[in-house]
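# Commentary on secondary and tertiary structure
One-letter residues, chain by chain:
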Amino acid sequence: MFRPLLTILGYRSSGHLIVDIIRLASTVFGIVVGVNLWSVSKLALRLLMIDFAISIFTRLLSIILFGIDGTAGGHDVAFSLAGETASLLISFVWIAYFLTSARVKATFGANL
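### Looking at a nonpolar patch on the surface
A cluster of nonpolar side chains, namely Ile90, Trp94 and Tyr97, defines an oily patch on the protein surface of about 300 Å² accessible area. Inspection of the secondary structure puts Trp94 in helix H4 (residues 77-100).

### Re the nonpolar core
Among the nonpolar cores identified, the biggest contains 13 residues, and Leu37, Leu45, Leu48, Phe98 and Phe108 are the most heavily contacted of them. For this core, the secondary-structure elements that each account for two or more residues are helix H2 (17-38), helix H3 (44-71), H4 and helix H5 (102-108). Counting residues per element, this core draws most heavily on H3, at 6 residues.

### Some thoughts on the pattern of salt bridges
Side-chain pairs of opposite charge can arise whenever the charged atoms involved come near each other. In the structure shown here, the tally under the stated rule is 1 salt bridge. Residue Glu84 pairs with Arg59 through a salt bridge whose shortest N-O separation is 3.2 Å. Of this pair, Glu84 sits in helix H4 while Arg59 sits in helix H3, and the two are 25 residues apart along the sequence.

### Observations regarding the packing of aromatic side chains
As enumerated under the stated definition, the model contains 4 aromatic pairs in all. Taking the centre distance of 5.9 Å and the plane angle of 35° together, the rings of Trp94 and Phe98 count as tilted. In this pair, Trp94 and Phe98 are both assigned in helix H4, 4 residues apart and thus about one turn of the helix distant. Looking at Phe98, the relative accessible area reads 14%, which means it is buried.

What counts and how
- Residues numbered from 1 in each chain as written.
- Predicted model: local features only at pLDDT ≥ 70, side-chain atom pairs only at ≥ 80, totals over all residues.
- Heavy atoms only, no water.
- Patch = residues over 30% accessible without salt bridge, like charges linked within 9 Å, V, L, I, M, F, W, Y side chains within 5 Å.
- Areas by Shrake-Rupley, 256 points an atom, 1.4 Å probe, with all protein chains shown as cover.
- Salt bridge = Lys/Arg side-chain N within 4 Å of Asp/Glu carboxyl O.
- Helix = DSSP H or I, 4+ residues; strand = E, 2+ residues; numbered from the N terminus.
- Core = buried A, V, L, I, M, F, W, Y, C linked by side-chain atoms within 4.5 Å.
- Buried < 20%, exposed > 50% of the residue type's maximum accessible area, 1.4 Å probe, protein only.
- Phe/Tyr/Trp six-rings, centres within 6.5 Å; stacked < 30°, edge-to-face > 60°.

Next comes the structure, spelled out in structure tokens:
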């Protein structure tokens, strides 16, 4: 829920315009998702899963583009790949939490 704010405060360009545009749109969407989660909206978890899907797509796209950069001799590619891979794994952990958590089920109930 704090990811959008942290993204804005600590933004660092990926070096790829399409990734940066998707991340900006994802940040704005993340704010909408956060408001829905805090207000326990019926759409909150569906919006959250869409947000995770966008995040995963963006991370995979970044990994592919950084891999292409690596073959072209781009700088800091290994560090960028490691960061994107870690972010991808964290997204999967959060998805698992939201799908299996008793607290989430108690809060959102039938909206799962």
